[in-house]
Structure formats: C-alpha cells, structure tokens
Amino acid sequence: MAAKPLSEIFAERAVELRKYIFDQPASTFTNNPWALANAIEDFANQVGHMMIFRKSKLDVAREQLLAQQPAPRTIVEFGTFVGKSALAWGAILRDIHGETVPEDVNIYTFDPDAQMVELTREFVKLAGVEDFVHVLQGPGADSLRKLNAEGKVTTVDMAFFDHWEKFYVSDLKLIEELKLWRVGSLAIADNTDFPGAPDYLEYVRAGGSGEPESVRYQTKSFETTGKRGGPSIVEVSTVMALE
Ligand SMILES: C[S@@+](CC[C@H](N)C(=O)[O-])C[C@H]1O[C@@H](n2cnc3c(N)ncnc32)[C@H](O)[C@@H]1O
C-alpha cells in the first residue's frame, strides 16, 4: 500500500489536536497562551508527525526577544501550521509588555492552509490573545505586502521563517524591499540545516547582498535538539546597519 502523503497526515493530526485541546476544561487555557503552546507540544510528543517549533528552539528565540532593545512590538511569522509558535510569541510579548499589551504590539502569522488558519484562530481565541495575534490566510509574501500597503506593518522587530525553506531568501528580501527592518531587528530561521536552506545561509553569512543601500546582517547558528534527539540549527541574524 502506498504511504500516506504528509499533507494528509498533518491534516489528520490537526483534527486530533483540536479534539485533544477542546476535550480539556477551557479554564486550563483561558488567558494562558503558554499553557496552550505547551499542551500542543505535549500532544506532538505523544503522536509524532508534527512540524512544530519545539521548546529547545523556542528557548533560543525567547532569549533573543527578551534581550532585544528597544523591546519587540511587531513580529511576522511565515508558517502558522497549528499555531504553536504564534501562541508562544503571544506569550513572550505578554511577558515583556504586560497582560494587556499596548495597541502597537502585534503578531502577524501567515499560512496558505485554510484548515490550519481556522484551527489557529480557535486556539488564539481560547488563549485570549486574539486582540494582538492575527492569523492571515495566504502566502506570507502576499499578506505582508498587503499589511504594509494598508499601513499596518511599517517596522518588523522579528521575522520568523518556518515555512518552506525555498521561500526563506525571497521573503527576507521582501522585508528589505519594503524597508521594514530597523537596526537591531532579528531574522530567526528554523531548519536551516535540515531540510536545509543553503541559499538563505549563504546570504545572511555574507552579511546581506552587499549592494549599496542594503541591509547588513550579523548571523549566528544555534545548535538545538531536534525532534528525533539529533542536532538541529536555528539561525539568528541581527540587522547591524541599514546602509
Ligand atoms: C513547519 S510548519 C510551521 C510550524 C509552526 N511555526 C509551529 O510552530 O507550529 C510550516 C507551515 O508553512 C506553511 N507555508 C507554506 N508555504 C507558505 C508561505 N508561502 N507562506 C506562509 N506559510 C507557508 C505550511 O502550510 C505549513 O503549515
């Protein structure tokens, strides 16, 4: 019998995860994005085949966000899936700014997959972060262009690349083209070693395009523990200058 396509497995997992979460008392998660993000990770550890941003990696990103000056206010995320990392960004920005975050603190997470977008919207509501965690359906590049044209996103403090690696460089360059970076902004990219984003690594390791009026990056690879216990890299690139 032919193996099931991964997309089918992910769709099934999303249905099972929804049941796992909504079978628990809502009070477990009400106003508590950390509890919901952790429960999603518990579920993923039980069933497998869940391409979530796990705790060991999240700890690296969290440390960067907590140290960022001025403090992060706008995060854009490419690749929502079941909302694990989006909920975690919500929890981190709340830890930084307080439970009622200011109006200009926003997270925008993008995914073309309607099922994942719908599920994440339910989770975001359950965890009480729907006022500032916005889940947008469609390729991230299209959503980001639209948000910028509408004047909703004019600066990005952190961009998280966790979709398909072949899009990492073009989406990073879109942020440059729209002039959304500030000095100190962070580009955080998952799985740059496996499945691998060699063109992205080459670009950020070279410090950017090197062209006049370009963005200069300093980049660092953080080795974390991947889902099978082996090493897995998260690449953190900081905008050093806008030349
Ligand atoms: C690795 S998963 C994201 C995991 C998620 N960050 C988490 O921690 O739960 C990758 C997701 O990227 C989405 N994706 C694919 N192409 C995309 C694009 N062009 N823009 C945004 N998301 C995309 C896929 O549909 C998939 O759900």
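Scroll up to find the structure.
Fair warning: this is a prediction, and the values are worked out from it, not measured in the lab. Sequence order as written defines residue numbering, which begins from 1 separately in each chain. Note on the predicted model: pLDDT of at least 70 is required for a residue's local features to be given, and 80 or more for side-chain atom pairs to be given and counted; whole-chain, interface and lining totals, by contrast, use all residues. With hydrogens and water set aside, each side-chain value is computed from the structure's full complement of heavy atoms.

Chemist: Can you tell me about the packing of helix 1 (residues 6-22) against helix 5 (residues 114-126), naming the residues and giving the values?
Modeler: The geometry of helix 1 relative to helix 5 is characterised by a closest axis approach of 11 Å and an angle of 20 degrees between their N-to-C directions. The angle between the axes of helix 1 and helix 5 places the two elements in the roughly parallel class. Considering how the two elements wind past one another, helix 1 and helix 5 form a crossing that is left-handed. Across the interface between the two elements, Phe-10, Ala-11, Ala-14, Val-15, Leu-17, Arg-18, Ile-21 and Phe-22 from helix 1 touch Gln-115, Met-116, Leu-119, Glu-122, Phe-123 and Leu-126 from helix 5. To obtain an axis, a line is fitted to C-alpha atoms, over the contacting stretch when the element is a helix, and the angle between two such axes runs from 0 to 180 degrees between their N-to-C directions. Each helix is a run of H or I in the DSSP string that is no shorter than four residues. Each strand is a run of E no shorter than two, and both are numbered from the N terminus. Each angle receives one of four descriptions, namely roughly parallel if under 35 degrees, roughly antiparallel if over 145, roughly perpendicular if within 65 to 115, and oblique otherwise. Rotating anticlockwise by less than a right angle from the far helix to the near helix defines a left-handed crossing, while the corresponding clockwise rotation defines a right-handed one. Any two residues whose heavy atoms approach within 4.5 Å at even a single point are treated as in contact.

Chemist: Pulling in residues and values, what's your account of the sheet that holds strand 3 (residues 133-137)?
Modeler: What makes two strands pair is DSSP finding at least two bridges between them. If you walk across this open sheet you meet the seven strands as 3-2-1-4-5-7-6, and the pairing is mixed. Lying at the two open borders of the sheet, with one neighbouring strand each, are strand 3 and strand 6 (215-225). Across this sheet, the average inter-strand angle for adjacent strands is 15 degrees, counted without regard to direction.

Chemist: Could you give me a rundown of the pairing of strand 6, with the residues and numbers involved?
Modeler: The pairing of strand 6 with strand 7 (residues 231-242) spans 11 bridges and is antiparallel. Each residue of the ladder has a partner; that of Val-215, found in strand 7, is Leu-242.

Chemist: If you had to explain the pattern of salt bridges to someone new, which residues and values would you point to?
Modeler: Take a side-chain nitrogen of Lys or Arg and a carboxyl oxygen of Asp or Glu: if they are within 4 Å of each other, that pair is a salt bridge. Going through the model one piece at a time under the given rule, you end up with 13 salt bridges. The partner of Lys-57 in a salt bridge is Asp-190, and the shortest N-O contact between them spans 2.7 Å. Taken as a pair, Lys-57 in helix 3 (residues 55-67) and Asp-190 in strand 5 (residues 186-190) lie far apart in primary sequence, 133 residues in all. In this structure, Lys-146 engages Glu-150 in a salt bridge whose closest nitrogen and oxygen atoms are separated by 3.1 Å. Lys-146 gets classed as exposed once you look at its relative accessible area, which sits at 54%. Salt bridges here are not isolated pairs; linked through shared partners, they connect Lys-146, Glu-150 and Lys-152. Working definition: with a 1.4 Å probe on protein chains only, accessible area under 20% of the residue-type maximum means buried, over 50% means exposed, and in between means partly exposed.

Chemist: Describe the site of the ligand, naming the residues involved and giving the relevant values.
Modeler: Close to the ligand lie 17 residues; Gly-79, Ser-85, Asp-111, Gly-140 and Asp-162 are nearest. Throughout this description, a polar contact denotes any pair of N or O atoms lying within 3.5 Å of each other; where both atoms belong to protein, one of them has to be capable of donating a hydrogen while the other can accept it, and for residues adjacent in sequence the pair is counted only when both atoms sit in side chains. Between a nitrogen atom of the ligand and a main-chain N or O atom of Gly-140, the distance comes to 2.9 Å. Contact distances for the ligand include 2.8 Å between a nitrogen atom and a side-chain N or O atom of Asp-162. Residue exposure ignores everything except the shown protein chains as possible cover, and the areas themselves are Shrake-Rupley values with a 1.4 Å probe. In the complex, the protein chains occlude 94% of the 610 Å² of accessible area that the ligand would expose alone. Put simply, the parts of the chain that give the shell around the ligand at least two residues each are helix 4 (84-97) and strand 2 (106-111). Only a single heavy atom is needed: when it lies within 4 Å of a molecule or strand, its residue is near that molecule or strand.

Chemist: I'd like a rundown of the environment of Gly-90, residues and numbers included.
Modeler: The topology assignment puts Gly-90 in helix 4. Judged by relative accessible area, Gly-90 falls into the buried class, the value being 0%. For the pair formed by Gly-90 and Ser-143, sequence separation is 53 residues and the distance between their alpha carbons is 19 Å. Non-local contacts of Gly-90, meaning those with residues more than four positions away in its chain, are made with Ile-107, Phe-132 and Val-133.

Chemist: Can you lay out the nonpolar core for me, pointing to particular residues and giving the numbers?
Modeler: We define a nonpolar core as any set of buried Ala, Val, Leu, Ile, Met, Phe, Trp, Tyr and Cys residues linked to one another through side-chain atoms lying within 4.5 Å. Counting 49 residues, the largest nonpolar core has Leu-17, Leu-36, Val-82, Leu-87 and Trp-89 as the members making the most contacts within it. No other element matches helix 2 (residues 33-47), which puts seven residues into this core. Look past the residues within four positions of Leu-17 in its chain and what remains in contact with it is Ile-40, Phe-43, Met-50, Val-82, Leu-119 and Phe-123. Residues Tyr-108, Leu-178, Leu-180 and Val-215 belong to the second largest nonpolar core, which totals 27 residues.

Chemist: I'd like to hear about the packing of aromatic side chains, residue by residue, with values.
Modeler: Any two rings among Phe, Tyr and Trp, with Trp reduced to its six-membered ring, count as a pair given centres within 6.5 Å; such a pair is stacked if its planes are under 30 degrees apart, edge-to-face if over 60, and tilted if neither. Enumeration according to the criterion identifies 12 aromatic pairs in this entry. Between Trp-89 and Phe-160, the ring centres sit 5.1 Å apart and the planes meet at 75 degrees, which makes this aromatic pair edge-to-face. Taken together, the residues Trp-89 in helix 4 and Phe-160 in strand 4 (residues 158-161) connect sequence positions 71 residues apart. The structure contains a cluster of three or more aromatic residues connected by ring pairs, namely Phe-78, Phe-110, Phe-161, Tyr-168 and Tyr-200.

Chemist: Describe helix 5, naming the residues involved and giving the relevant values.
Modeler: What a helix is expected to span follows from its residue count: subtract one and scale by 1.5 Å. The end-to-end C-alpha separation of helix 5 is 18 Å, in line with the 18 Å expected for 13 residues at 1.5 Å each. Listed in full, the buried residues belonging to helix 5 are Met-116, Val-117, Leu-119, Thr-120, Phe-123, Val-124 and Leu-126. Residues of helix 5 that are buried make contact with helix 1, helix 2, helix 4, strand 2 and strand 3. Residue Asp-113 occupies the N-cap position of helix 5, its side-chain oxygen lying 3.0 Å from the main-chain nitrogen of Gln-115. In the stretch just after helix 5, Gly-128 is the one whose phi turns positive, near 75 degrees.

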